[in-house]
Amino acid sequence: MASSRLKVWLLYVVLVSALGGFLFGFDSGVISGCEQAIQGEYSLSPFGHGFTVSVALIGTVIGAFGVGRPSDRLGRKISLIILGFMFLISAAGCALAPDWITLVVMRGLGGLAIGGASVVVPLYIVEIAPGPVRGRLVAVNQLNIVLGILVSYISNYAAAMAIDRQTCVCAWCGHFAQWFTESEIALESIKWRLMLGVESFPAILFILLLFTIPESPRWLVRAGRKEEALDVLRRIGDPEPAATLANIEETLASVHAGENVPLFQKKYLWPIFLAWAVAMFNQLSGINAINYYAPRIFEQFIGPHAALAATVGLGSVNLLFTILAFFFIDRYGRRALLMFGAVGTTLMHFIAAWQISLGAGACAPIAIAAILGFIAFFGISQGAVIWVFISEIFPNAVRAKGQALGSFTHWTMCTLISWAFPVVASLSPSSGSYAFGFFGCMTMLQFFFAWKLMPETKGGTIETLEKEILK
C-alpha cells in the first residue's frame, strides 16, 4: 500500500510539472487559428505576417538560451513558478492588446515562457524520476505538449463557432465578447483575442499547483541541502535513496554549491553534438511549420471552416501516437523509435509534396492522409524522444545548460523554418511542395544519424549514463 501511494505521489508531481508542457503546447498551437485573422486586421505583408507568427519563436530562442543558469541558481521549482506567471501575463496581454506592437510584445513574452518551459520541465522530471521509468515520465511532458496543442485546436474551433454564431455557453466568453463589441471592435478581432486569452486559465492552475510539489533532489544536493534531497528521494519512492544520494554527490563532487560550471569544455563535446543534432533534425522535419500553418495548408484541399476542424483531427492523431510512444520508449529505446519514425516521416513528406505539386488537381484524401501520417510517425518517435534524450545525456554539473543548448537549437531552427514557410508557400499554388520535399530529405538524413551515431540511453540512472557517455 505504501509503495502504491509513493507511485501515485510521483505521478502527481510529474503531472503538475508537465502542465508547463501543456502551456508550451497550447501557446504553440493556438496561433494556427489566429494568424490569418491577425494578418487581415493589421494588413500585414508576408514578411510582417511571418514575423508576427515567429516573434514567439524568437522569444523561445532567448528563453531557452537564458534559462539554464537561473534555474541552477534559483532551483527548478521557483523557475517553473516564474514561467507560469509569464504564460499568464502573455495570454491576458494578447487578449487585451490595443495595437499590433503590444500583441507582438506579449507573444514574445509567451515565447520566453515556452523556451524556458522546454528546458526546465524535462530537466525537473529527469532529475526526479527513477531510472526504469524515466523515459515514460519525461515523455509525460511531450504528452502534455501534444495535449496542449490539441486543446488549443479545439478551443480555437469552439471560439470561432461561438463568435460566428454570436452564442457561447461560457459566461466569461460572453462577457468578453460583449465588452469588445461595446468597444466597437470587429467580430474577427474578438475571435482571435478570445482564442489567445483562453490560455490564462491553465496558467493560473499551473501556478497554484506548483506550490504543492517538491524541489528537484539533484538540485538540492548541488545547493548543499542534502537532507532535503534525501527526504524527496524517499517521498518519490526511490528504491535506494541513500545510495542514489551518494551517487549524486559523487557526480557533483567537484562542484561547490552555487558554482557556475562551463558547458563548453572538451569533455562535453560529444553530448553537445548529440543534443545539437537531435534538436536540429526535430525541427528540420517541419513539425512546427505544419502545426502553425495547418489551417492554411488544409484550406487548399477543403474549405476554411473544414480546415479549422481538420486541425482537431491533426491534434488528435498527434496525441494518440504520443500516447503509444509513452508505452514504447522504455521498452524499445530512444534510438529504435527515432529510426522507425524517420522512415515513416520521410515517406509521408514525399507523398504530401507530390500532391501539393499537383495544385488544384490534387487528391485531397491522399494529401491530408499524408500530413496526418507524418504527424503519427513524428508523435511516436521524434516528438517523444527529443526532450527525453537531451535531458539524459548531460552530466549533473551542466545538465541545465546542456538542456538549454538543445532547446536553443530546437527553437532557433523552428523560428527560421516557421518564418520562411509562408514566404516559400506564397510563391505559387504548388510551391509548398518544395518545402515538404526539403523536410523529407532532412528526415532521411536523420535516419542515418540515429543509425550510425546516436547512443541508446534507456535504463539505468542518469549518473551511470553520465559515466558511459563521457568515457
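Residues numbered from 1 in each chain as written. Predicted model: local features only at pLDDT ≥ 70, side-chain atom pairs only at ≥ 80, totals over all residues. Heavy atoms only, no water.

Let's talk about the overall build of the protein
When helices and strands are tallied, the protein shows 22 helices and 0 strands. With 471 residues in all, the protein has 60% of them scored as buried. Put simply, of all contacts in the protein between residues at least 6 apart along the chain, 83% involve residues at least 24 apart. (Helix = DSSP H or I, 4+ residues; strand = E, 2+ residues; numbered from the N terminus. Buried < 20%, exposed > 50% of the residue type's maximum accessible area, 1.4 Å probe, protein only. Contact = heavy atoms within 4.5 Å.)

Re the side chain of Ser 391
Turning to its location among the elements, Ser 391 is positioned in helix H19 (residues 382–392). A polar side-chain atom of Ser 391 sits 2.8 Å from the main-chain carbonyl oxygen of Val 388. (Polar contact = N/O pair within 3.5 Å; in protein donor to acceptor, adjacent residues only side chain to side chain.)

Quick word on the packing of helix H17 (residues 334–357) against helix H21 (residues 432–452)
Where H17 contacts H21, the two axes come as close as 8 Å, and the packing angle between them is 160°. As summarised for this structure, H17 and H21 are arranged roughly antiparallel, according to the angle between their axes. With respect to the hand of their crossing, H17 and H21 are arranged in left-handed fashion. Here the residues of the contact of H17 with H21 sort into 15 nonpolar, 10 polar and 1 charged. (Axes fitted to C-alpha atoms, helices over the stretch in contact; angles between N-to-C directions. Parallel < 35°, antiparallel > 145°, perpendicular 65-115°, else oblique. Left-handed = near helix turned anticlockwise from the far one by under 90°. Nonpolar A, V, L, I, M, F, W, Y, C, P; charged D, E, K, R; others polar.)

Digging into the nonpolar core
Within soluble globular proteins, side chains that are nonpolar generally end up buried alongside one another. Membership of the largest hydrophobic core comes to 131 residues, with the highest contact counts inside it found for Leu 80, Ile 125, Ile 290, Ile 371, Phe 394, Trp 411 and Phe 436. For this core, the leading source of residues is helix H6 (residues 100–128), giving 13 residues. With sequence-adjacent residues up to four places away left out, Phe 394 is seen in contact with Leu 263, Pro 271, Ile 272, Ala 275, Arg 399, Gly 402 and Gln 403. (Core = buried A, V, L, I, M, F, W, Y, C linked by side-chain atoms within 4.5 Å.)

Describing the packing of aromatic side chains
As enumerated under the stated definition, the model contains 20 aromatic pairs in all. Taking the centre distance of 5.6 Å and the plane angle of 55° together, the rings of Phe 340 and Phe 377 count as tilted. Here Phe 340 is found in helix H17, whereas its partner Phe 377 is found in helix H18 (residues 364–380), with 37 residues between them in sequence. Of the residues examined, Phe 377 reaches a relative accessible area of 23% and is grouped as partly exposed. Every member of this aromatic cluster is reached through a ring pair, and the members are Trp 270, Phe 273, Trp 276, Phe 281 and Phe 449. (Phe/Tyr/Trp six-rings, centres within 6.5 Å; stacked < 30°, edge-to-face > 60°.)

Some words on the packing of H6 against H19
Running from N to C, H6 and H19 cross one another at 65°; their axes reach a closest spacing of 9 Å. On the basis of their axis angle, the class for H6 and H19 is roughly perpendicular. In this structure, the crossing between H6 and H19 has a hand that is right-handed. Of H19, the residues touching H6 (which contributes Ser 118, Pro 122 and Val 126) are Trp 387, Ser 391 and Glu 392. Among the residues making up the contact of H6 with H19, the classes are represented as 3 nonpolar, 2 polar and 1 charged.

What about the pattern of salt bridges?
Tallied over the entire structure, the rule returns 11 salt bridges. Note that Arg 76 is salt-bridged to Asp 72, the shortest N-O span being 2.9 Å. Judged by relative accessible area, Arg 76 falls into the buried class, the value being 1%. A salt bridge links Arg 225 to Glu 228; the shortest N-O distance between them is 2.9 Å. Linked through salt bridges whose partners overlap, the residues forming this network are Asp 72, Arg 76, Glu 127, Arg 222, Arg 399 and Lys 401. (Salt bridge = Lys/Arg side-chain N within 4 Å of Asp/Glu carboxyl O.)

What about the environment of Gly 406?
Within the secondary structure, Gly 406 sits in helix H20 (residues 399–425). Sequence separation of Gly 406 and Pro 271 is 135 residues, and the distance between their C-alpha atoms is 9.9 Å. What Gly 406 contacts, discounting residues up to four positions off in sequence, is Ala 275, Ala 279 and Ile 390.

Regarding helix H22 (residues 462–470)
The α-helix advances 3.6 residues per turn, and as a result positions three or four apart in sequence lie on the same side. Restricting attention to buried positions, one finds in H22 the residues Ile 462, Glu 463, Leu 465, Glu 466 and Ile 469. Here the buried residues of H22 occupy an arc of 155° about the axis, which is enough to place them on one side. (Arc of directions from axis to C-beta.)

Re H19
In terms of burial, H19 is largely enclosed, as 11 of its 11 residues are buried. For H19, the complete set of buried residues consists of Gln 382, Gly 383, Ala 384, Val 385, Ile 386, Trp 387, Val 388, Phe 389, Ile 390, Ser 391 and Glu 392.

What to know about the environment of Glu 127
Note on placement: Glu 127 falls in helix H6. Linking Glu 127 and Glu 392, residues 265 residues apart in sequence, is a C-alpha distance of 9.2 Å. When near neighbours in sequence (up to four residues on either side) are disregarded, Glu 127 contacts Arg 76, Ser 216, Pro 217, Arg 218, Trp 219 and Arg 399.

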